[in-house]
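Spelled out from the first residue to the last, the chains are:
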Amino acid sequence: MTDTPATSPFTRERFRAFADTEIAPHAAEFDREQRIPTELVKRLAAEGFLGAVLPTEAGGPGMDMVTFGVLHEEVGRACSSVRSLLTVHSMVAFAVNRWGTAEQRAAWLPGLADGTALGAFCLTEPGAGSDAGRIAATAERTGGGFVINGTKKWITAGQTADVYLVFAKAPNGMSAFLVDRATPGLRVKPLHDIMGTRGSMLAELEFRDCEVGSRALLGPEGMGLSLVGTGALDIGRYSVACGSVGISQACVEACAAHTARRVAGSAPLREHQLIRRMLSDMVTGLEAGRLLCRRAGALKDEGDPATVMATWTAKYFASTAAVSAASDAVQIHGASGFGAGAAVGRYYRDAKVMEIIEGSSQIQQLTIAEQAFQAAAGPRPSRSAAEEKVR
Ligand SMILES: Cc1cc2nc3c(=O)[nH]c(=O)nc-3n(C[C@H](O)[C@H](O)[C@H](O)COP(=O)(O)OP(=O)(O)OC[C@H]3O[C@@H](n4cnc5c(N)ncnc54)[C@H](O)[C@@H]3O)c2cc1C
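Residues numbered from 1 in each chain as written. Predicted model: local features only at pLDDT ≥ 70, side-chain atom pairs only at ≥ 80, totals over all residues. Heavy atoms only, no water.

Novice: What exactly am I supposed to notice about the nonpolar core here?
Specialist: The tendency in soluble globular proteins is for nonpolar side chains to be buried side by side. Judged by nonpolar contacts, the single largest core of 115 residues is most densely connected at Ile23, Val82, Leu165 and Phe177. Per-element accounting of this core gives the leading share, 15 residues, to helix α7 (residues 224–261). Setting aside residues up to four positions removed in sequence, Val82 forms contacts with Ile23, Phe30, Ile36, Leu40, Leu44 and Val75. (Core = buried A, V, L, I, M, F, W, Y, C linked by side-chain atoms within 4.5 Å. Buried < 20%, exposed > 50% of the residue type's maximum accessible area, 1.4 Å probe, protein only. Helix = DSSP H or I, 4+ residues; strand = E, 2+ residues; numbered from the N terminus. Contact = heavy atoms within 4.5 Å.)

Novice: Honestly, helix α5 (residues 80–99) in this entry has me stumped. Any pointers?
Specialist: Note on helix geometry: an α-helix contains 3.6 residues per turn, so any two residues three or four positions apart are oriented the same way. A rise of 1.5 Å per residue sets the reference length of α5, with its 20 residues, at 28 Å; its end C-alpha atoms lie 28 Å apart and thus fit the reference within 8%. Taken across its 20 residues, α5 has 16 buried, putting it largely inside the fold. (Expected span 1.5 Å × (residues − 1).)

Novice: Mind showing me how you'd approach unusual backbone geometry here?
Specialist: Glycine aside, residues mostly have negative phi angles, and peptide bonds mostly take the trans form. In this structure, Asp193 is a non-glycine residue whose phi angle is positive, near 60 degrees. Even without glycine at this site, Glu358 takes up a positive phi of about 55 degrees. Tracing the sequence through the fold places Glu358 in the loop between α11 (343–354) and α12 (361–377). On the basis of relative accessible area, Glu358 is assigned to the buried category, the value being 14%.

Novice: What's the story with the pairing of strand β1 (residues 119–122) in this structure? I'm lost.
Specialist: In the case of a regular strand, side chains alternate between the two sheet surfaces. The alternating pattern of β1 places Gly119 and Phe121 and Ala120 and Cys122 on opposite faces, both of which are buried. Sheet topology note: the β1/strand β4 (residues 163–170) ladder contains 4 bridges and is parallel. Looking at β4, one finds that Gly119 is bridged to Val163. (Pairing = 2+ DSSP bridges.)

Novice: I would appreciate a short explanation of the UniProt feature "domain: Acyl-CoA dehydrogenase/oxidase C-terminal" (unreviewed entry) in the protein chain in the present structure.
Specialist: The UniProt record annotates "domain: Acyl-CoA dehydrogenase/oxidase C-terminal" (unreviewed entry) at residues 224–372. From the first C-alpha to the last, residues 224–372 spans 27 Å; its make-up is 83% helix and 3% strand. (UniProt positions renumbered as here; feature names shortened; annotations may be inferred.)

Novice: Even after reading the chapter, I still don't get the site of the ligand, so can you show me in this structure?
Specialist: Taken together, 19 residues sit near the ligand, with Thr124, Ser130, Trp154, Ser360 and Gln362 positioned nearest. Separating a nitrogen atom of the ligand from a backbone N or O atom of Phe121 is a distance of 2.7 Å. Here Ser130 contributes a side-chain N or O atom positioned 2.7 Å from an oxygen atom of the ligand. Considering the ligand on its own, with 970 Å² of exposed area, one finds that the protein chains cover 62% of that surface. Among the secondary structure elements, those contributing two or more residues to the shell around the ligand are β1, β3 (145–155) and α12. No other element matches α12, which puts 3 residues into the shell around the ligand. Partitioned by chemical class, the residues of the shell around the ligand number 12 nonpolar, 7 polar and no charged. (Near = heavy atom within 4 Å. Polar contact = N/O pair within 3.5 Å; in protein donor to acceptor, adjacent residues only side chain to side chain. Areas by Shrake-Rupley, 256 points an atom, 1.4 Å probe, with all protein chains shown as cover. Nonpolar A, V, L, I, M, F, W, Y, C, P; charged D, E, K, R; others polar.)

Novice: How do you make sense of the domain arrangement of the protein chain when you look at a structure like this?
Specialist: Reports of interface size often rely on the accessible area that becomes lost once the parts have come together. Annotation of the protein chain at the domain level lists domain 1 (12–117), domain 2 (120–222) and domain 3 (225–373). The distance between the C-alpha centroids of domain 1 and domain 2 comes to 21 Å. In this complex, domain 1 contributes 22 residues to the contact, which on the side of domain 2 involves 21 residues. When the two sides are added together, the surface that domain 1 and domain 2 hide from each other amounts to roughly 1,900 Å², 66% of it contributed by carbon and sulfur. For domain 1, the biggest contributors to the area lost against domain 2 are Gln34, Gln104 and Trp108; these three give 32% of the whole. For the salt bridge of Glu103 with Arg215, the shortest nitrogen-to-oxygen distance reads 3.4 Å. Along the contact surface separating domain 1 from domain 2 lie 7 residue pairs in polar contact (both at pLDDT 80 or more). (Domains from an automatic or database assignment. Buried area = accessible area lost by both parts, 1.4 Å probe. Salt bridge = Lys/Arg side-chain N within 4 Å of Asp/Glu carboxyl O.)

Written out as structure tokens, the structure reads:
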């Protein structure tokens with residue numbers, strides 16, 4: 001099965017070559033130093049990988065979504081922190097391209113495409129995670145626009161982003177705003193020493209009487225979550241699903257190499273059946289996750305709304321498979337997988353994050369089950385049919 005179009009300049013081989021030379025050799029350092037160098041971000045932009053979600057008319061490379069998924073898998077195989085930056089940046093670029101006015105698109109898309117403006121997605125707060133209905137940030141109307149007050153936490157790329165896509169309660173309901181980093185009243189507090197994706201430069205953001213013009217409002221007021229947020233989160237979820245497949249791939253490769261070298265008893269580890277069992281489960285989870293991602297991407301390319309549930313399913317499966325693969329990978333490596341700087345140890349810490357972000361595994365279980373119940377119940381009666389029934 002080929003996974004990128006034959007005519008496209010963007011191929012898995014190209015992504016892998018870039019990731020193997022520019023990212024993977026430095027991933028341990030990014031994890032240790034808790035940062036991604038600006039030079040790498042520039043190289044990602046120059047390759048067209050940073051603005052990959054944007055069509056050519058918006059300054060992007062016009063990549064189809066299956067190929068976008070392969071890119072995020074290959075970057076995720078090398079370093080989940082770098083993939084995390086690509087994820088949130090893509091979410092913001094997607095939202096601006098989809099919902100921006102001509103003025104907003106002109107202001108932000110060139111920079112989002114060429115990497116001179118980095119984006120961060122700001123939904124979570126200290127008191128609101130899975131339940132976005134508990135968001136407390138407010139956007140009160142003033143004469144010329146809005147005043148934003150509130151705190152956003154766990155914001156990937158928050159330390160370095162130039163534009164923040166912020167969700168806050170406006171008079172007409174939850175709304176999305178594009179907030180320039182230089183806006184007075186916005187304070188960025190770096191978050192250090194997190195368990196995984198340690199290079200993803202998380203921050204807490206404080207908005208204190210942060211005045212933004214009405215042109216900062218992205219999409220219709222009151223539709224911030226239902227339109228802008230939902231679409232961006234679908235892209236983010238797809239990216240995380242593909243990145244999780246990349247982690248599983250990295251685990252398989254690390255274990256194949258280690259078990260050929262390490263001898264136990266009279267034979268290399270690879271000859272022991274219990275080791276083979278772990279490896280075969282890892283490969284099966286990897287292949288199944290990749291196929292689910294491929295399906296979700298293909299449905300996106302076809303414009304089929306079924307992609308939303310396909311993406312939920314892909315992300316739930318692939319993130320769970322990655323955690324299982326990384327856990328077994330550490331097991332297979334023994335103490336050497338547990339030591340400082342061990343790649344499989346990093347995969348394990350990084351994989352765990354994938355079960356929390358972009359809809360936790362529990363939220364995905366609830367959503368997937370709900371969909372199954374709805375599908376089993378059949379199509380809902382139309383309003384007029386329902387009214388007929390009442391009469
Ligand atoms: C590394 C990292 C990067 C992140 N980056 C971003 C970012 O860029 N932007 C952003 O906005 N946020 C970001 N987040 C926040 C992330 O989106 C939230 O952590 C996530 O939404 C879960 O929310 P929470 O942590 O508050 O957990 P909670 O919502 O408090 O959930 C805690 C636990 O309860 C479970 N749970 C919650 N509700 C239910 C329910 N109804 N039924 C059963 N179980 C339930 C959850 O699955 C979880 O296991 C990031 C987090 C991390 C760790």
